[in-house]
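# Per-entry structural report
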Amino acid sequence: MKLFSREQIYEADQQTIKKQDITSTELMDRAGSQIFNWMHLRLQGAQVPIHVFCGIGNNGGDGLVLTQHLISHGYHVTTYIVNYSHKRSKDFLINYDKVKSMTKTWPVVLEDNEAFPEINQEDIIVDAVFGIGLNRPVPDWVKDLFIHFRKTKAFTLSIDVPSGLFLDQPVKDEDAVVWAGYTLSFASPKLVFFLPETAKYTAQWEVLDIGLDQEYLMSTKTEADLIGKHEVLPLYMPRDKFSHKGTFGHTLIIGGSYGKIGAVILSSRAALSAGSGLVSAYVPKCGYIPLQSSFPEAMVLTDRDENEITEISFDLKPTVIGMGMGLGTSPNTLDAFEAFLKNNKTPLVIDADAINLLSKNKALLKLLPIHSVLTPHPKELERLIGTWSDDFEKLEKVKSFSKKYHAVVVIKGANTITVFQEKIYINTTGNPGLATAGSGDVLTGIITGLIAQSYSALAAAIFGVYLHGKAADITIEDYGYQSLTATHVIEYMGKAYLDLFEQPQQLPQEEPKEDN
Ligand SMILES: NC(=O)C1=CN([C@@H]2O[C@H](COP(=O)(O)OP(=O)(O)OC[C@H]3O[C@@H](n4cnc5c(N)ncnc54)[C@H](O)[C@@H]3O)[C@@H](O)[C@H]2O)[C@@H](O)CC1
Ligand SMILES: Nc1ncnc2c1ncn2[C@@H]1O[C@H](COP(=O)(O)OP(=O)(O)O)[C@@H](O)[C@H]1O
Ligand SMILES: [K+]
């Protein structure tokens with residue numbers, strides 16, 4: 001799913017108005033009506049007090065369309081105008097007049113220095129104060145109103161975007177934003193719903209279809225895409241009947257040190273579960289027996305050193321190499337890593353200590369083959385690119401890094417983000433069960449195993465992150481968050497693949513009645 005920018009959404013509105021020959025007021029009607037349909041379906045006429053807070057722009061206009069439907073369907077609704085400016089939009093005014101003409105109880109106009117209405121915890125707040133037009137800090141008294149919303153603990157439904165949340169700027173004051181229980185968004189969800197610092201402002205979100213011009217939506221390229229099943233299915237490569245293990249490539253996993261051989265076992269097993277034809281592991285001598293006995297499918301090569309990697313040389317031609325898991329960062333290992341990079345031509349997936357070695361020795365970065373995949377968690381990323389002041393700066397820095405080194409960067413965490421050059425891909429699978437030892441090693445193995453099967457580096461990163469998260473999502477149905485282990489993720493990879501082709505469940509058909 002594309003995540004449109006504010007400019008693109010405004011353009012989609014304009015194109016829709018032009019191509020469908022409708023007025024902006026009619027488009028607003030659609031928006032407000034869709035919000036009403038969503039609420040009506042759930043409330044079924046329940047007499048819960050609904051407080052609709054409308055700003056003076058088009059977001060407020062949407063709120064006023066909603067109000068009209070709520071009133072005409074007999075809901076217990078109070079409407080407020082949050083009068084933060086006198087520059088009311090045309091469609092706001094049209095709908096303001098409509099509301100006033102249909103009820104004797106005119107909207108309550110809220111201004112600075114006025115008492116806020118009493119709202120109970122069981123009531124519903126609809127937030128139509130600011131939409132995507134927010135372009136400067138929220139006035140202090142409106143901020144106080146948002147604080148009032150939170151104090152009531154009432155369910156808060158935001159229209160389009162939680163008011164006070166900028167689409168392209170960090171939040172400087174969390175009290176100046178509405179904390180929504182649910183946001184009903186038009187055109188697309190917004191990028192800020194997924195970033196670590198701003199995701200908390202809406203617990204849930206949903207997109208409402210207001211019939212925007214399909215041609216514009218389809219043909220417009222976005223800076224960010226949301227990755228779900230629909231997006232990864234076209235990446236999937238089916239298997240040919242006459243294929244053999246050579247068809248699916250040879251993964252080599254390089255890593256491990258004394259006490260950290262498990263990381264290599266996890267990565268290697270994950271590469272095989274992702275579908276790599278062959279898997280070899282290159283470890284210090286102390287890893288030989290653990291690997292051979294716990295993972296019989298793998299071939300094992302060893303360093304001459306017992307405890308750490310001191311030289312990387314092997315007599316095989318892997319399709320791809322995944323490296324860094326449990327590697328350590330000793331001077332001997334650094335020398336081996338540098339010598340290896342100087343001669344290496346094989347595609348690389350770089351994780352953990354291999355990232356740390358690159359961070360400490362930035363000159364080595366230029367030795368990476370193009371389209372290398374790096375999979376840092378936030379701390380490793382910080383070592384690699386330096387600190388950032390907010391999520392937006394972080395993304396810009398990662399984009400520059402990706403362009404400079406022609407690398408695919410996977411920023412791990414909830415909503416893992418894959419960055420390639422200017423474009424970002426936000427994953428939708430995965431859960432806090434993955435916050436457990438070794439789950440990152442498994443991810444590296446999966447991505448490496450996909451490249452072995454001739455997925456491109458970018459496709460392997462996007463698809464691998466999706467499958468890893470999906471396997472974890474299926475695992476928690478059996479184990480819950482706390483008991484999920486990295487090994488489960490490997491074992492549930494099969495189910496993650498199968499899930500790609502699962503159809504949504506059909507409702508059971510009624511049996512035809514037999515005539516007596
Ligand atoms: N025809 C359309 O353009 C449609 C727009 N829609 C709604 O319109 C919204 C965008 O509407 P607008 O562009 O009118 O913007 P908003 O309703 O978000 O903002 C209202 C106005 O407040 C001003 N403003 C921004 N920040 C302020 C601040 N801190 N203090 C005081 N004033 C401030 C802005 O200049 C803007 O004109 C969307 O989020 C969506 O809800 C929907 O109705 C769909 C159709
Ligand atoms: N709260 C979370 N929600 C979803 N995914 C998570 C969460 N916490 C961690 N993960 C995922 O788990 C993996 C952890 O990787 P990493 O930190 O490298 O762990 P390790 O070093 O133990 O292997 C990443 O893929 C990350 O995206
Ligand atoms: K809003």
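Keep in mind that what you see is a predicted model, and the values were worked out from it rather than measured. (Residues numbered from 1 in each chain as written. Chains lettered and ligands numbered in written order. Predicted model: local features only at pLDDT ≥ 70, side-chain atom pairs only at ≥ 80, totals over all residues.)

## Focus: the sheet that holds strand β1 (residues 2–3)
The cut-off we apply is this: When DSSP locates at least two bridges between a pair of strands, those strands are taken to pair. Each helix corresponds to a stretch of at least 4 residues labelled H or I by DSSP, and each strand to a stretch of at least 2 residues labelled E; elements are numbered beginning at the N terminus.
If you walk across this open sheet you meet the 11 strands as β1-β9-β18-β17-β16-β15-β14-β13-β10-β11-β12, and the pairing is mixed. Two strands close off the open sheet at either side, each with one partner strand: β1 and β12 (299–302). As judged from the two bridges shared by strand β14 (residues 348–350) and strand β15 (residues 373–374), these two strands associate in the parallel manner. Each residue of the ladder has a partner; that of Val349, found in β15, is Val373.

## Re the packing of helix α11 (residues 352–360) against helix α12 (residues 378–385)
The line we're drawing: To define axes, lines are fitted to C-alpha atoms, for helices over the stretch in contact only, and angles between the resulting N-to-C directions are given on a 0 to 180 degree scale. Relative orientations are named as follows: roughly parallel for angles under 35 degrees, roughly antiparallel for angles over 145 degrees, roughly perpendicular for angles from 65 to 115 degrees, and oblique for any other angle. Helix crossings get a hand from a simple test, with the near helix turned counterclockwise from the far one by less than a right angle marking a left-handed crossing and a clockwise turn marking a right-handed one. Each residue is represented by a C-beta atom placed from its backbone, and any two residues with such atoms within 7 Å are regarded as in contact. In this count, Pro and Cys sit with the nonpolar residues alongside Ala, Val, Leu, Ile, Met, Phe, Trp and Tyr, while Asp, Glu, Lys and Arg are called charged and the others, Gly among them, polar.
At a minimum axis distance of 8 Å, the contact between α11 and α12 shows a crossing angle of 25 degrees. If you check the angle between α11 and α12, you find them roughly parallel. α11 and α12 meet at a crossing whose hand is left-handed. Here Ile355, Asn356, Leu358 and Ser359 of α11 lie close against α12, whose contacting residues are Glu380, Arg383 and Leu384. Each residue belonging to the contact of α11 with α12 can be placed in one class, and the counts come to three nonpolar, two polar and two charged.

## Side note on the site of ligand 2
The line we're drawing: Using a C-beta atom placed from the backbone for every residue, we mark a residue as near a molecule or strand if that atom lies within 6 Å of it.
Close to ligand 2 lie 16 residues; Lys412, Ala414, Gly430, Leu434 and Gly440 are nearest. Split by residue class, the shell around ligand 2 holds six nonpolar, eight polar and two charged.

## Overview of the confidence of the model for the protein
Counted only if it meets this: Each residue carries a pLDDT score, the predictor's own confidence in it, on a scale running from 0 to 100.
The share of residues in the protein with pLDDT of 70 or more is 98%, and the mean pLDDT across the chain is 95. Across the whole predicted complex the pTM is 0.92, and at the interface the ipTM reaches 0.88.

## Here we look at the sheet that holds strand β6 (residues 155–159)
Pairing is parallel across the open sheet formed by seven strands, whose spatial order is β4-β3-β2-β5-β6-β7-β8. Strands at the two margins of the open sheet, each flanked by one partner only, are β4 (108–110) and β8 (202–208). For this sheet the average axis-to-axis angle between neighbouring strands, irrespective of direction, equals 20 degrees.

## Quick notes on the domain arrangement of the protein
For clarity, the cut-off: Where each domain begins and ends is defined by an automated method or by a domain database.
In terms of domains, the protein is made up of domain 1 (2–221) and domain 2 (232–499). Placing the centre of domain 1 and that of domain 2 at their C-alpha centroids yields a distance of 43 Å. Across the boundary between the two partners, domain 1 contributes nine residues, which contact six residues of domain 2. Considering only residue class, the side of domain 1 that touches domain 2 consists of five nonpolar, two polar and two charged.

## Re helix α13 (residues 391–405)
The condition that has to hold: Expected helix span is given by 1.5 Å per residue-to-residue step, counting one fewer step than there are residues. The burial criterion counts other C-beta atoms lying within 10 Å of a residue's C-beta, which is placed from the backbone; the residue is buried at 20 or more, exposed at 12 or fewer, and partly exposed between these limits. Taking the helix axis as origin, the arc is that swept by the directions to the C-beta atoms.
Compared with the 21 Å implied by 1.5 Å per residue over 15 residues, the 21 Å span of α13 between its first and last C-alpha is a close match. By the burial criterion, the buried members of α13 are Asp391, Lys394, Val398 and Ser402. Axial view of α13: buried residues confined to an arc of 70 degrees, hence all on one face. Residues of α13 that are exposed and point over 90 degrees away from its buried face: Glu393, Glu396 and Lys404. Buried residues along α13 sit in contact with α12, β16 (408–411) and β17 (417–420). Note on α13: the residue one or two positions beyond its end, His406, has a positive phi of about 50 degrees.

## Brief notes about the pairing of strand β2 (residues 50–54)
Every regular strand shows the same layout, with side chains that alternate between the two sheet faces. Counted only if it meets this: Look down the strands so they point away from you; if going from the first strand over the helix to the second traces a clockwise path, that crossover is right-handed.
For β2, the buried fraction is high: five of the five residues fall into the buried class. By the bridge criterion, five bridges tie β2 to strand β3 (residues 77–82) in an arrangement that is parallel. Bridge pairing in β3 places Ile50 opposite Val77. Of the crossover connections in this fold, the one passing from β2 over helix α3 (residues 58–72) to the parallel β3 is right-handed.

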